[in-house]
Amino acid sequence: MNYDVDLFVIGAGSGGTRASRIASSHGAKVLVAEEFRIGGTCVIRGCVPKKLLVYAGRFADQFRDAEAFGWSVGDVSFDWRKLVAAKEAEITRLSASIAATSRAPRSRFWRPAPPSRARTPSRSPTGARSRPATS
Ligand SMILES: Cc1cc2nc3c(=O)[nH]c(=O)nc-3n(C[C@H](O)[C@H](O)[C@H](O)COP(=O)(O)OP(=O)(O)OC[C@H]3O[C@@H](n4cnc5c(N)ncnc54)[C@H](O)[C@@H]3O)c2cc1C
């Protein structure tokens, strides 16, 4: 991996991908480090999945109201797994599309090894915090 760049961006979320795209369009050599999935909070677990789940939730009311507007809807059913799979497919498509457009012309992505997570105090069933044993 060549670390000799003009701009090193930590995080391929909305801010990081935009900054890298603008900088590389001005000729800067850019390296973007992303520890999880390209797209960041908005695409992977925020704006986009939220909207898809909200849209899905609205159909229940619309099916219920439809008959009063002359529609015969018949039996309707809902498949949670199908919705989650469709949401995941859309997020994967968007993430790949952001990766493809952000790469051009002089921008690269780098996935660093996950950091070794520091041990955090765990909670007991009563909710009281227990601290890791100290020697
Ligand atoms: C549930 C939810 C719903 C939302 N809905 C909306 C909405 O409808 N409209 C709207 O405008 N905004 C919405 N937001 C806010 C929006 O998601 C954020 O404003 C936006 O994602 C911020 O972008 P960012 O680039 O600053 O950070 P992020 O998108 O969080 O990107 C940071 C990236 O950095 C990576 N990262 C962090 N540390 C490291 C490290 N040490 N090494 C490598 N990579 C690292 C993370 O994995 C992440 O991909 C929502 C947020 C949430 C949580």
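Owing to the predicted nature of the structure, the values given are computational and were not obtained by experimental measurement. Starting afresh in each chain, residues are numbered from 1 along the sequence in its written order. Restriction of local features to residues with pLDDT of at least 70 applies here, the model being predicted, together with a cutoff of 80 or more for giving and counting side-chain atom pairs; totals for whole chains, interfaces and linings are based on all residues.

(A) Structural view of the overall build of the protein chain. By the criteria applied, helices consist of DSSP H or I runs no shorter than four residues and strands consist of E runs no shorter than two, each listed in order from the N terminus. The helix and strand tally for the protein chain stands at four helices and five strands. Taken from the N to the C terminus, the helices and strands of the protein chain come in the order β-α-β-α-α-α-β-β-β. Labels follow a simple rule on C-beta atoms placed from the backbone: if 20 or more others lie within 10 Å of a residue's own, it is buried; if 12 or fewer, it is exposed; otherwise it is partly exposed. When the 135 residues of the protein chain are sorted by exposure, 13% land in the buried category. When contacts within the protein chain are restricted to residue pairs at least 6 apart in sequence, those whose partners lie at least 24 apart make up 64%. It is the C-beta atoms, placed from the backbone, that decide contacts: two residues are in contact if theirs lie within 7 Å.

(B) Representation of helix α1 (residues 14–25) within the structure. End to end, α1 covers 17 Å across twelve residues, agreeing with the expected 16 Å (1.5 Å per residue, within 8%). For α1, every residue scored as buried is listed here: Gly16, Thr17, Ser20 and Ser24. The buried residues of α1 all sit within an arc of 95° when viewed along its axis, so they share a single face. Turned more than 90 degrees away from the buried face of α1 sit Arg18 and Ile22, all of them exposed. Summarising the contacts, the buried residues of α1 are in contact with β1 (7–10), β2 (30–33), α2 (40–44), α4 (80–103) and β3 (107–110). Looking one or two residues beyond α1, the residue adopting positive phi is Gly27, at roughly 100°. A helix's residues, less one, multiplied by 1.5 Å, set its expected span. To be clear, the arc concerns the directions from the helix axis to the C-beta atoms.

(C) Looking closely at the packing of helix α3 (residues 47–66) against α4. A fitted line through C-alpha atoms serves as each axis, taken over the contacting stretch for helices, and the angle formed by two N-to-C directions is quoted from 0 to 180°. For the pair α3 and α4, interaxial distance at closest approach is 10 Å and the crossing angle is 145°. Judged by the sense of rotation from one axis to the other, the crossing of α3 with α4 is right-handed. Contacts between α3 and α4 involve Val48, Pro49, Leu52, Leu53 and Ala56 from the former and Leu83, Lys87, Glu90, Ile91 and Leu94 from the latter. Under the convention adopted here, Pro, Cys and the residues Ala, Val, Leu, Ile, Met, Phe, Trp and Tyr are nonpolar, Asp, Glu, Lys and Arg are charged, and Gly plus all remaining residues are polar. Of the residues that constitute the contact of α3 with α4, the class distribution is eight nonpolar, no polar and two charged. The hand of a helix crossing depends on one turn: near helix anticlockwise from the far one by less than a right angle means left-handed, and clockwise means right-handed.

(D) Examining the site of the ligand more closely. The local shell around the ligand holds 18 residues, among which Gly11, Gly13, Gly15, Gly40 and Gly46 are the closest. Breaking the shell around the ligand down by element, the ones donating at least two residues are α1, α2 and α3. Residue classes in the shell around the ligand are distributed as seven nonpolar, eight polar and three charged. Whether a residue is near a molecule or strand depends on its C-beta atom, generated from backbone atoms, being within 6 Å of that molecule or strand.

(E) Up close: the nonpolar core. Remark: nonpolar core denotes a set of buried Ala, Val, Leu, Ile, Met, Phe, Trp, Tyr and Cys residues whose joining runs through C-beta atoms within 7 Å. Counting eight residues, the largest nonpolar core is built from Val9, Ala12, Val30, Leu31, Val32, Ile38, Val43 and Ile98. Sort the elements by how many residues they give to this core and β2 lands first, with three residues. Once you skip the residues sitting within four places of it in the chain, Ala12 turns out to touch Thr17, Val32, Glu34, Ile38, Gly39, Gly40 and Phe109.

(F) Highlighting α3. Compared with an ideal rise of 1.5 Å per residue, which puts 20 residues at 28 Å, α3 spans 28 Å between its outermost C-alpha atoms and is within 8% of the ideal. Little of α3 sits out of view: just zero of its 20 residues are buried.

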